[in-house]
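Analysis of the macromolecular model
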Amino acid sequence: MLQAPEIGDAARYKSIAVACFAGVQGDVLANELEAALVNARVQDEPVYRLVARSGELRHPGGDLRSLAPAAKSLKADAILAGEVLHARFQDDRRQEKEYVCDQSENPKKFVLKCISGHYAMKTCIDRTANLQVQVRLVDAQTAKQVYAESISRSRKDSACQGAPQDGTAMLGELQEEVFDQIKRKIVPHDKVVSLERMDAGDDLPDGGAGQRFAGAIRFAREGRMDRACAMFAEIHESDKRSVALNDNLGVCEEAAGAFWQADEYYRIADRLSSAPNKLLTAALERNAGNLKKAGNLARHRSDLLPGGTGETAAARPLATPIPGKKPSGNTSASGKLAATALAPMAPKVSADMLMLGRRTALVIGNTSYRRGALLNPVNDARAIAAELRRLQFQVIQVEDASFSKMDLAIEELGRAIKEGGVAFVFYAEHGMQVKDENFLIPVDADLKSEGDVPSKTIALGQMLSKLEDAGSRVNLVVLDACRDNPFARSWRSTRGGLASVDAPAGTLIAFATAPGKTAADGSGANGLYTSHLLREMGVPNQKIEDALKNARKVVAKASNSEQIPWESSSLTGDFYFKVAVDQRN
């Protein structure tokens, strides 16, 4: 569950620097702290876009004037500095008296009775490790101290036979405790929280809905909350007046960090209840605290919230109000309705059109080719997968996949797709066309001639057939695989880019560039096409066709019309990634 840092002002920093810590083991601690901040993630996304390191600065305390300029020179919003005041372990030896049995009565019996013995002294070692760190966080612009704390941790281990725990290992564990304390104070973070659900769906009708609810509870008890939440959402499409169902959907949203959506479900359940419910009261109070913390986070780091939004109409686009009730609406500090920037007017979309609980995706990113290694596909795949999870897709994600791994992933996708739902496939890596047929290339492909292609790569047609057979209502395939292909430059039947494809019924195929053309891999964190596709996926109230059209316009302009994305579509219905509640109705 997403947690705001305890020091509210620290939530706004998107980049941070770490100075060398003074004191014994200061350099070691600073190195490890830097690594911890680099690896700080929320919902698979890095918390900081930059974690810099000042290699020379040592700050034992007192003067803050040198810290802010150092942070600015590193293009960081703030800098973390400090001193290791104490880091050591020591042993205390002591003697203990122990009775040693010399002779037992009937030693063959299971329970022995000692009839003679003596006392002996044995040596025991008590090992104590102590770590004390003074740490402070300084704002780069104001040079003011945002956070300061002296953190002390200790641990003890004893042994009378053998040796106690290694002292260096004990200090390492204490160091991790110090890092956890610092992260709680200044870093937005995910936290495992135990949330109690309602296991009895007594207000659901006997038969289908009741049986499916019981099945979802069984999945939850086995630790499969992903499947349980998907089933709760499916049941909710046809029965929105169940207290237990709305409460459990609130638990699902709260666990995912979508506190505004959780609040909507909890309040619906509370209004439906005929008597006070302690579980619901506790949930509303707990989630109110989440909303308060998340509100501060939304003002500074809305990019870390589910859907990448703050407290706006788009922040809870998927919560369904009780039939006949108007949604309460989100308000800003001025009391006015908050608006979503650049979002079209909210369309009239039914829950069935959103296909909640029936959203399945396969995301593949291949970079480490033996020939023609690429820069961005894995980055692109990770960014797309994270966005899809925020949009409530069940995501199958593979990176640097071999032929067998890709084949297994496609089979898993076929089994995971829900009938009547939406299937989304994103593929970023090398692809090629041979004799007007498109093939997707695994990282272990050893292609010496055109004859190797059908047996050592994945035919696009195979994937499309799998989607057709699965019974999904909407199939979306995005191919950012039109990069210049190093395998096929001397083959007679091979052209650059990918071939034009007629999309099967109910399918839309999007290419990063036009048929026969190649797309640049890109020099930034993401490829040109993927970066703009990601932005459009996050805009509410757009049909998929409009999202792709808007991405195409920006990519064409950014590339001086050298790269123009292209689609082939046989969709017969509408699909929206995200819909905001229209507050004007």
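Residues numbered from 1 in each chain as written. Predicted model: local features only at pLDDT ≥ 70, side-chain atom pairs only at ≥ 80, totals over all residues. Heavy atoms only, no water.

Here's the deal with the packing of aromatic side chains
Any aromatic ring pair is given by two values, namely how distant the centres are and how the planes are angled relative to each other. Following the criterion strictly, the structure yields seven aromatic pairs and no others. Each ring, one from Tyr-99 and one from Tyr-119, has its centre 5.1 Å from the other, and the planes form 70 degrees; the classification is edge-to-face. Taken together, the residues span a long stretch of sequence, with Tyr-99 in strand E6 (residues 78–105) and Tyr-119 in strand E7 (residues 113–139) at a distance of 20 residues. Taking the relative accessible area as the measure of exposure, Tyr-99 reaches 42% and is therefore partly exposed. Centroid distance Phe-213 to Phe-232: 5.6 Å. Interplanar angle 45 degrees. Geometry classified as tilted. Here Phe-213, found in helix H4 (residues 208–221), pairs with Phe-232, found in helix H5 (residues 225–238); they are 19 residues apart in sequence, far enough to count as distant. Phe-232 gets classed as buried once you look at its relative accessible area, which sits at 1%. Within the aromatic cluster, the residues linked to one another by ring pairs are Phe-393, Phe-424, Phe-575 and Phe-577. A cation over an aromatic ring shows up here: Lys-97 above the ring of Tyr-119, its NZ or CZ 5.1 Å from the ring centre. Lying across the ring of Phe-219, Arg-227 places its NZ or CZ 5.5 Å from the centre. (Phe/Tyr/Trp six-rings, centres within 6.5 Å; stacked < 30°, edge-to-face > 60°. Helix = DSSP H or I, 4+ residues; strand = E, 2+ residues; numbered from the N terminus. Buried < 20%, exposed > 50% of the residue type's maximum accessible area, 1.4 Å probe, protein only. Lys NZ or Arg CZ within 6 Å of the ring centre and 35° of its normal.)

Considerations on the state of the cysteines
Using the criterion set out here, one finds three disulfides in the structure. Put simply, Cys-124 and Cys-160 are joined by a disulfide, and their sulfur atoms are 1.9 Å apart. Between Cys-124 and Cys-160 the sulfur-sulfur dihedral comes to about 105 degrees; the bridge is accordingly right-handed. On the criterion of sequence distance, the pair formed by Cys-124 in strand E7 and Cys-160 in the loop between strand E8 (145–159) and helix H3 (167–186) is long-range, its members being 36 residues apart. The class of Cys-124 is buried, set by a relative accessible area of 0%. (Disulfide = S-S within 2.5 Å.)

Focus: the pairing of E8
In terms of strand pairing, E7 meets E8 through 14 bridges, oriented antiparallel. Note on E8: the bridge partner recorded for Val-135 is Glu-149. What sits between the antiparallel neighbours E7 and E8 is a turn of five residues, in which Ala-143 has the positive phi angle 60 degrees. (Pairing = 2+ DSSP bridges.)

Side note on the nonpolar core
Membership of the largest hydrophobic core comes to 39 residues, with the highest contact counts inside it found for Leu-362, Tyr-427, Leu-479 and Ile-509. Sequence-distant contacts of Leu-362, defined by excluding residues within four places in its chain, comprise Ile-396, Ala-409, Ile-410, Leu-413, Phe-424, Val-425 and Phe-426. Counting 35 residues, the second-largest nonpolar core is a separate cluster that includes Ala-10, Val-178, Ile-182 and Val-187. (Core = buried A, V, L, I, M, F, W, Y, C linked by side-chain atoms within 4.5 Å. Contact = heavy atoms within 4.5 Å.)

Topic: H4
With 14 residues, H4 ought to run about 20 Å at 1.5 Å a step, and its terminal C-alpha atoms sit 20 Å apart, in line with that. Where H4 is buried, its residues meet H5 and helix H6 (243–255). Positive phi shows up at Gly-223, right after H4, with a value of about 85 degrees. (Expected span 1.5 Å × (residues − 1).)

A short note on the sheet that holds strand E12 (residues 422–428)
Strand pairing in a sheet takes place through backbone hydrogen bonds and is either antiparallel or parallel in direction. Taken in spatial order, the six strands of this open sheet run E11-E10-E12-E16-E18-E19, and their pairing is mixed. Strands with a single pairing partner mark the edges of an open sheet, and in this sheet they are strand E11 (394–399) and strand E19 (566–569). Between one strand axis and the next, the sheet turns through 10 degrees on average, direction left out of account. (Axes fitted to C-alpha atoms, helices over the stretch in contact; angles between N-to-C directions.)

A closer look at the side chain of His-532
Tracing the backbone shows His-532 in helix H14 (residues 528–537). With residues near it in sequence (within four places) discarded, His-532 still touches Ala-551, Val-554 and Val-555.

Points about the environment of Thr-572
Within the element layout of this structure, Thr-572 appears in the segment after E19. Along the primary structure Thr-572 and Thr-507 are separated by 65 residues, whereas in three dimensions their C-alpha atoms are 8.8 Å apart.

A closer look at the environment of Asp-92
Among the structural elements, Asp-92 can be located in strand E6. Separated by 32 residues in the primary sequence, Asp-92 and Cys-124 have C-alpha atoms spaced 8.3 Å apart. Not counting residues within four places of it along the chain, the set of residues in contact with Asp-92 comprises Cys-124, Ile-125 and Asp-126.

Structural notes on unusual backbone geometry
Positioned with a positive phi, Ala-143 is a non-glycine residue whose angle comes to about 60 degrees. Examined against the element boundaries, Ala-143 turns out to sit in the loop between E7 and E8. Residue Ala-143 is classed as partly exposed on the basis of its relative accessible area, which comes to 32%. In this structure, Gln-392 is a non-glycine residue whose phi angle is positive, near 70 degrees.

Brief notes about H14
Within H14, seven of the 10 residues are buried, which leaves it mostly tucked inside the rest of the structure. What H14 keeps buried is the set Tyr-529, Thr-530, His-532, Leu-533, Leu-534, Glu-536 and Met-537. Where H14 is buried, its residues meet helix H10 (377–390), E12, strand E16 (474–480), strand E18 (507–511) and helix H15 (544–558).

A short note on the pattern of salt bridges
Under the criterion given, the structure shown has 19 salt bridges. In this structure, the salt-bridge partner of Arg-12 is Asp-9, at a minimum N-O distance of 3.8 Å. By relative accessible area, Arg-12 is classed as partly exposed at 32%. Beyond isolated ion pairs, a larger network of salt bridges with shared partners links Arg-153, Arg-155, Glu-173 and Glu-177. (Salt bridge = Lys/Arg side-chain N within 4 Å of Asp/Glu carboxyl O.)

A short note on the packing of H5 against H6
Between H5 and H6, whose axes approach to 10 Å, the crossing angle comes to 140 degrees. On the basis of their axis angle, the class for H5 and H6 is oblique. Of the two possible hands of crossing, H5 and H6 adopt the one that is left-handed. Note on element contacts: H6 touches H5 through Leu-245, Asn-246, Asn-248, Leu-249 and Cys-252, opposite Met-225, Cys-229, Phe-232, Ala-233, Ile-235 and His-236. (Parallel < 35°, antiparallel > 145°, perpendicular 65-115°, else oblique. Left-handed = near helix turned anticlockwise from the far one by under 90°.)

Re the packing of H4 against H5
Closest axis-to-axis distance for the H4/H5 pair is 7 Å, and the angle between their directions is 160 degrees. Classified by the interaxial angle, the pair formed by H4 and H5 is roughly antiparallel. Where H4 crosses over H5, the handedness of that crossing is left-handed. Within the contact between the two elements, H4 uses Ala-209, Arg-212, Phe-213, Gly-215, Ala-216, Ile-217, Phe-219 and Ala-220 and H5 uses Met-225, Arg-227, Ala-228, Met-231, Phe-232, Ile-235 and Ser-238. Of the residues belonging to the contact of H4 with H5, the class tally is 11 nonpolar, two polar and two charged. (Nonpolar A, V, L, I, M, F, W, Y, C, P; charged D, E, K, R; others polar.)

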